[in-house]
Each structure stands twice: as structure tokens, then as C-alpha cells.
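# Observations on the model geometry
What follows is each chain in one-letter form.
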Amino acid sequence: MFFTSYSFIIFLSIIFLLYYLIPKRLQWPLLLIASYIFYGFAGIKYFTYIVLTTISTYIVGLKIGNLYKEESKYLKENKGILSRVELKEYRTTSKSIRWKWLLFCMLLNFGILGVTKYTNFTISNINFILAKLGSGRQLGFLDIALPMGISFYTFKSMGYIIDVYRGKYEPERNIFKFALFVSFFPQIIQGPISRFDDLSETLFKEHNFDIKNFNDGMIRILWGFFKKLVIADRILVGVNTIIRNPDTYQGAFVFIGMLFYAYQLYADFTGGIDITIGISQVLGIKIKENFDRPYFSKNIAEYWRRWHITMGTWFKDYLFYPISVYKPMLNFSKYARRTFGDSIGKRLPVYISSIIVWFTTGIWHGASWNFIMWGLTNCFVILVSQELTPFYNWFHSKFNVKDKFLFRSFQVVRTILLMSAIRLFDCYRDVPMTFRMFGSMFTNFNVSDLFNGSLLNLGLSFADYIVLLIGLVILTTVSLIQRKGSVRDRLYKKPAILRYSVYYVLIVSIIVFGAYGVGYDSSQFIYNQF
Amino acid sequence: MTKKRIITFVSFICVLLASLFLLQKLFMPKYVHGIVEGSLIEEYYTEEEKNHDIIFIGDCEVYENFSPITLWENYGITSYIRGSAQQLIWQSYYLLEETLKYETPKVAVFNVLAMMYDEPQKEAYNRMTLDGMKMSSSKINSIKASMMEDESIIDYFIPLFRYHSRWSELENDDFKYLFKKENLFHNGYYMRADVKPVTSIPKGKKLPDYRFGENAYDYLDRMVELCKSKGIELVLIKAPSLYPYWYDEWDEQMVEYAKKHDLLYINFLNHIDEIGLNFEEDTYDAGLHLNVYGAEKLADYFGRILVKKFDLEDKRNDEKLKKIWDSKIEFYNEMKEKQLKEIEEYGYIKSLAPNPGQ
């Protein structure tokens, strides 16, 4: 059930209605039922995976929580009795048991993710190696379907279990509440990757109908639909024409395709998240923002702090930091400082951690070398930027342009171009092809391609370009207004006539200009595939 | 919620719905030029006297091959053709079912070419048949039976969702015929006065299986039952169109079926000489459909059979009907003259071209 399908809109309307009609104590159980119904639309066979993740994480969470309790009880009872050494020993043993439980849970769940998502990728790599070695043997691919939202709910659950292990909060004792946290339907297919302590604050609460929440939520949903249907799904045709025909569309077309894809991905992903957050808001549930106007970033590191924020922070909190403070890594750090000196020795462990994080980020996005290369290229650019910091400092000390509008605009455009170029890995079928297409922008760039009417052969009519242009202007304007605070809050304070005019224009634009229905390929959100 | 808020909200909803309704009207294809067949179904509802002796149902082989005016002029038979482009058998069944809510004819005539299709074929044809129908259980059932895989029933209930993308291709016709269209047909008959002789008669390709599908037979059975329950004589016909090729194996099945159910079945392809059809001058598209001259000959031939077989009353002396049909005849003759004039002037029927203004 796509977010943009009729069935989802009907499903959502029923949930909204029931949610505020039933007794408040039944609100979260209703959401659990709704989430499982929603999940069931993807296929009953996938229930096994999500149920297994839910139950295993729930049980291990309880186990770790109980171990914490036992530890604190034991320590309380033996306060003043145990020696410091005994205390340390007890704590180490206790921590080791908790660690084993955590490890079991992570191995099981990341194992499920790994098997379902990466088995065939691994087989294809083995086959490649076998072929290179001259072996005539090839392994057959397995027919494993990827359960809906597995990357998202696995990360959510594993974030929870790590937090419980770290003693950040108590484990959830109600399995149904925990099941709702894992499967909450608005965010199961593309995030944001919520943390249990954040989401549970409002997810299990009883909510009265609040007109402002409803109003804000609905307008956010509409805004999401606008981005997805009017912009993303319209430009998709052009993007597909270019990337699916690499022999025909090279040079200037690759450049155009790259920008189109940047625009499409932004509208698609942020649109989906707008719908998710909007739905939650109507239900009175708060979900953390996943974007902070990323296309206004002045460098890639900043971009990654503002794009898919919950994924970035997940990797930072649950991968980057643990690797950085992992004992062997600390030992390596010491060794590196001794061997290469302070300057290099300090950086090497950070580089290694970064490479691991970006490799994982890449492969999380998709089981292919394209995504791995995409992740590593991001890493490379960020590290190079860091290395160039002294040069930037020197430049800014010589030229006072840092706060100049033109220079900042240059930085923003540079970041967009750089990010878009890296995303070419996301577009083409393999890494060599991506490099070939990237290269064609420099070797085969024919400016006349942009003005000789060829752009009208990409499956987009002149009218489509007009709609896309207006869409771009609206997106940019809204982003600029957002700098001064919430657009919806500002709108809410405006006279009713103005407010309703905005709703009217949004609804009519979506219905009339949306790329949906017969004649359009219904397209799921790009991040659904991850 | 304060009273003022409620009023504002309700007003907003009303304005929104009214605008969407208007947009829907605007975006729906008007079918007044070019592919006019899309207007066939809806025109039935404008019929003043829905009390016909004969109701034809079927595809282009009925709405382009029989002239109801001739049936009236020559035999005093009132008839209406509820035909549409590539009308599938379940669509014919539900159209007949719907028509019987308005009237009970003595005879229902069904063209059996539709038996060749056992499943939905094309969304565009579905639309031309279904969009024109008024909302009813028959329409809903017909939609359900006709939908292609990528279609949604909601698009039929709210056609704006289907046609919204026409915003970039709106034409003068869309505004001109926003609320009202003039009649284009003659009791469901699509007149063509131009001539394009047959140059070659295509032969049918060998088929792996000549047996009509179960679904098609099921709806034919239902049609037989429906007519029986209403006391209507069902006549099966195969119009004398030269292609799509009508196989002997298909014909045998229809002969057998008619015999089994005690129905009249006429394959007009076997009576071309008796009808007096000359494919040098009686077709406008090289044998696929008859032109007005052919349709008049065929109607005359068929009328004779119907009168004889079903003892149909000659109503030409009925003053009320005479008045109605006189005006239909006038419209018919005017159109024929207009088409001939256009053919003479432009070499083709300009008023039926997609962009007659250009």
C-alpha cells in the first residue's frame, strides 16, 4: 500500500476517524492493529521477520533490564561488604552477560537483515571472483524477498536495544507497546529512524483531538503529497529516460539528469517524511525531523548533518562512537601516534572509523557496489575537506568573503553539485558505467543539447517543465521562509481566508498537476527500497 | 470549534467541491470531434421517448452498420442502438440490464463479435463505454468486470482523478461543451456518408483455439436469462463487417448456441448479396464498417426479418411518435447533406476530424 495510493488514503481516513472516536486508552492498540494491517498489505509472509525482530528485541531488552536490576539490587545489598576488586569483578561479569545478550540480539537481527538483503549480492561477488579465477562454477541466486521496511525497523530496534544495554532507559515491559514502536505504520517504510525514548513519549499517550495539531498535520501531509506527486513523480520520467539510456544520453544530459535526480530525490524523500510526520501529528504523536533544508548546506559534512538526520545520528551514536572508543581502536590510536607522530596518528583512527561508517551507510542504502562507492566517495570528500581546513582558513584570512552572499551562494551551489555528482552512483547500473557517464560530462558536453529541444524528448513536455519550475520556486521559497521558523505556525496565525486559500491551492494542485493514475507509472518512494 | 470556524470550514469544503466538480467537467473528454464514439452511451439519456421496439447492443458493428431511421421509415419500428467502441460482452450485458430499467423492448439484438474477447482489453475503450453511463448498480458491476489491472474503481467514480492530466491539452471544445453537448448520433447510430471501397479481403490467421472463453459464454447465458425473465426476444447477429475476421469455427459455436437456446441467429456475412451490399460503395473504411448507404440497406433487410419473425407493429401512424421521428429524420437528412457537402468541398468529413476548426 503506497502512501500515495487510494487505498492508503481510505485506510488513513478510517484510522483518523476511529482514533478520536474510540476510548483514549485504546488509541495505541488501534495504531498497533493499523500498523500490522498496513504491514499485511505488503505480504503476510513478511510478518515472520518483523515479529521475530520484535519478540527477540523485546525479550533481550527485558533480560538486560532485569540484569541491571539484579546488579543494582546485589550492589545495594552488598554495599560496604564487597571489596573494590570484588565490586569491579562483579560489574565486569554482569556487563559481560549483558553484552552477550546484546550481541546475540544484534547478530540475530542484523543477521536477518544481512541474509535477506545481502545474500544475492554476496553470491554475485563470489561468482565474479570464481569467474576471474577461471572456475566454470557459478552459484545460483536465492529467491529471497526483502521484507518491507526491514532496514528501518531493524535500525530502530537495534538502537533501542543498544540504549537499553547502555542503561539509557528502562526496557519496555509491554510487548504490544514495543511492537507498536517497531511497526508504527507511518514511519516503517522510510523512517525517520526514531529513538524509543523520543517516540514513546507521545506514541503511547492518550490524545485529545487538537485542532491545531490536526490542521498542521493535514497541511504537512498535503505538502508531502505535493512534493511527491507534483514534483518527484513528474521529474522521474526525465530521470529514467536519461539513466536508462546511457548510450544515448551523455555529456550535458548526464549533467541535467544529475540535477533532475537531486531535485527528484529531495522532493520524494522529504515529501515522504512530510507525510509521515504529518500523519503522526494528526494522531498527536511527535516524530523528530529528518531534514533541515539540506540543499542550503555550505559543505558536505554540513549537508550530512541536515539530510536524513536520524540515519546520520544513528550511525554516529551506534557505530562511529563505539568504533572510536573500541579498545583495539584506542590501542591502534596510541600506536599510530607513536609511529606516525601526533598529527597523523590522531587522524588515522578517525579516518578508519569514518571509512567503516560510510561503507556501512553505503551498503545500508542498497546491496550493490554502487552504493558502497557512493558511501566511500562521500567519506573521501568529507575527509579531503577536513584536510583542506588549513587552506580554507588561510583563504578566509586573505579574502574577506566568508559572510558575503555571493560566496555563500557559491558554497551552496558547489555542495549541491558535488552531492549530485556523487549520487550518480545511485543512478547508473554499475560503477564503471557511473564513471563513464561522469567522465562524459567533461569529454562530451554539448551545450546545444540544452537548447535544441532535446530536453523535450525526455518524456517531459513543455508544460511539465513549467510545473517543475513553479514547483522549484515554491520549494525554495518555503525553505527560505523556514529559516525564520515554522511555515505552518506562521500560516496558522494568518487570517482564515489566506489560510484556506493555501489549502485550496495545495489540494487542487495535487489533484490536477499530480503525476498519478492511469498513464503514469505509480512509483513508490525511493527510500522504500532501502 | 466556534460557530464562525465551522461556517468557514463548511464554506471552504463547498467551494473546494464545487471547483473540483467544475474541473472534472472541464477535463473529461468531450468526444464531439475526432473520436466521437465516446459520446454514444450518454446520448441515450437525452432520448425523449424511451420506449423502443428494438434495442441493439454491441460494438461498432452495430452502431455503424444499422440505421434506426431506415427501420422507422420503412417499417415503423422504433429502435435504439446502445453501442460503443469495442463493447465487451459484459459491458453489453450490463448496458442491456441498465436499459431495461428505463424500458422493455420487444427485441434485443446482440452482435456476437464481442464473444471473441474473454477479458478486459483496453482502458480507453472501457472509458468510452463506462464514462457515459449514469451511476447505477449496472454501471458499478460493469466497471468491476471491465477494469484492467492498473485501473482503479475510484477513477470511475471520480473521473477527475483519471483525466486530471488533460490540463495541458485542453481545447476550445472542452470549454464550449462544458455543460451541454449537441446530439451527434441518430438513436445511437453513427453516420458516415463517405466511401472507401474494399481493396482486399483479409484472411483470418490460424488460431490455436477457436473456442470462445468461459467468461464470454457466462455473460451470454446471463443475457439470455435476462431477456427471458423480461419476456424479450433475444436475437444474435453477426454484422457484415469483413474484418475482424469471423471464423467458421466461431460461427458454428453461435449456430449451436442459438439452436440450444432457441434463439434467432443471423450471420449477415452469409447474406451480403440478398442485402444488396456492395463493398465498392457501401463502406467508408474498406470493409470494417458500413457507411450510411450500407447501413440503410442492412436496416431494411433486417427490418423485414424482424417484422416477419416478431410480428412488430408498424407505428408510423402514431401521431406522437411520428412527430418525434420526423424531427429525427430531419436531423438525419441534414447531417447526411452536411457530410456530403464537406466531402465535396474538402475531400473528407471535416466536422468529424479531430480539429475541425483548423
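Procedures and definitions
- Per chain, residues are indexed from 1 in the order of the written sequence.
- Labels follow written order: the first chain is A, the first ligand is 1, and so on.
- Since the coordinates come from a predicted model, pLDDT governs what is reported: local features require at least 70, and pairs of side-chain atoms require 80 or more to be given and counted, while whole-chain, interface and lining totals use all residues.
- Only hydrogens and water are removed before side-chain values are computed, so all heavy atoms of the structure are retained for them.
- Helix and strand assignments come from DSSP, with helices taken as H or I runs of at least 4 residues and strands as E runs of at least 2, each series counted from the N terminus.
- Here the expected span of a helix is defined as 1.5 Å times the quantity of residues minus one.
- Residue contacts are counted whenever heavy atoms from the two residues lie within 4.5 Å of one another.
- For patch detection, residues must exceed 30% relative accessible area and be free of salt bridges, and they are connected within 9 Å for like charges or within 5 Å for nonpolar side chains (Val, Leu, Ile, Met, Phe, Trp, Tyr).
- All accessibility values rest on the Shrake-Rupley procedure with a 1.4 Å probe; residue burial counts only the protein chains present in the view.
- Counted as salt bridges are all cases of a side-chain nitrogen of Lys or Arg within 4 Å of a carboxyl oxygen of Asp or Glu.
- Type-normalised accessible area, obtained with a 1.4 Å probe on protein chains alone, sets the label of each residue: buried when under 20%, exposed when over 50%, and partly exposed for intermediate values.
- The axes are straight lines fitted to the C-alpha atoms, using for helices just the contacting stretch, and the angles between their N-to-C directions are given from 0 to 180°.
- Put simply, angles under 35 degrees are roughly parallel, angles over 145 are roughly antiparallel, angles from 65 to 115 are roughly perpendicular, and the rest are oblique.
- Two helices cross in a left-handed way if the nearer one is turned anticlockwise from the farther one by less than a right angle. They cross in a right-handed way if the turn is clockwise.
- Any residue outside Ala, Val, Leu, Ile, Met, Phe, Trp, Tyr, Cys, Pro, Asp, Glu, Lys and Arg is labelled polar, Gly included; the first ten of those are nonpolar and the last four are charged.
- Domain start and stop points were drawn from an automatic or database domain assignment.
- Summed over both partners, the accessible area lost on bringing two parts together, with a 1.4 Å probe, is the buried area.
- A 3.5 Å cut-off defines polar contacts: any pair of N or O atoms within that distance qualifies, except that in protein one atom must be a possible hydrogen donor and the other a possible acceptor, and neighbouring residues in sequence count only when both atoms are side-chain atoms.

### Some words on helix H1 (residues 6-21) of chain A
- Taking 1.5 Å of rise per residue, the 16 residues of H1(A) would be expected to cover 22 Å, and the 23 Å separating its terminal C-alpha atoms lies within 8% of that figure.
- Here the buried face of H1(A) lies against helix H2 (27-42), helix H7 (185-188), helix H9 (211-244) and helix H10 (252-282) of chain A together with helix H8 (153-157) and helix H9 (160-163) of chain B.

### Thoughts on a nonpolar patch on the surface
Residues and elements named next belong to chain A.
- Side chains of Phe380, Val384, Leu388, Phe391, Trp394 and Phe399 sit close together on the surface and give an oily, nonpolar patch of about 590 Å² of accessible area.
- Counting residues per element, the ones that place at least two in the nonpolar patch are helix H14 (369-387) and helix H15 (389-398).
- Take Phe399: it is sitting in the loop between H15 and helix H16 (405-422).
- The class of Phe399 is partly exposed, set by a relative accessible area of 42%.

### Examining the packing of helix H6 (residues 175-183) of chain A against helix H8 (residues 196-203) of chain A
All names here are of chain A.
- Put simply, H6 and H8 touch, their axes get as near as 11 Å, and they point 115 degrees apart. Between H6 and H8, the crossing angle belongs to the class labelled roughly perpendicular. Every pair of crossing elements has a handedness; the one defined by H6 and H8 is right-handed. Judged by residue contacts, Phe178, Leu180 and Phe181 of H6 engage Phe196, Leu199 and Leu203 from H8.
- Considered class by class, the residues forming the contact of H6 with H8 number six nonpolar, no polar and no charged.

### Focus: the domain arrangement of chain A
All names here are of chain A.
- Its domain assignment divides chain A into domain 1 (6-209) and domain 2 (295-429).
- Each partner contributes residues to the interface: domain 1 has 16 residues there, and domain 2 has 17 residues.
- Carbon and sulfur atoms supply 64% of the area that domain 1 and domain 2 bury against each other, a total of about 1,500 Å² over both sides.
- Its largest share of buried area at the contact with domain 2, domain 1 owes to Phe121, Phe155 and Arg195, together 39% of the area lost on that side.
- Applying the counting criterion to the domain 1 and domain 2 interface returns one salt bridge.
- In this structure, Arg195 and Asp317 form a salt bridge, with 3.0 Å as the shortest nitrogen-oxygen distance.
- At the boundary of domain 1 and domain 2, one finds 11 residue pairs in polar contact (both at pLDDT 80 or more).

### Observations concerning the pattern of salt bridges
All names here are of chain A.
- In this structure the tally under the stated criterion is 37 salt bridges over all chains.
- As a salt-bridge pair, Asp489 and Lys212 come within 2.9 Å of each other at their nearest N and O atoms. Of this pair, Asp489 sits in helix H20 (residues 487-492) while Lys212 sits in helix H9, placing them 277 residues apart in sequence.
- By relative accessible area, Lys212 is classed as partly exposed at 26%.
- One salt bridge in this structure joins Arg234 and Asp464, with 2.4 Å as the shortest N-O distance. Of this pair, Arg234 sits in helix H9 while Asp464 sits in helix H19 (residues 462-482), and the two are 230 residues apart along the sequence.
- The class of Arg234 is buried, set by a relative accessible area of 3%.
- On the accessibility criterion, Asp464 (13% relative accessible area) is buried.
- What emerges from the salt-bridge pattern is a single network uniting Arg220, Lys227, Asp274 and Glu289.

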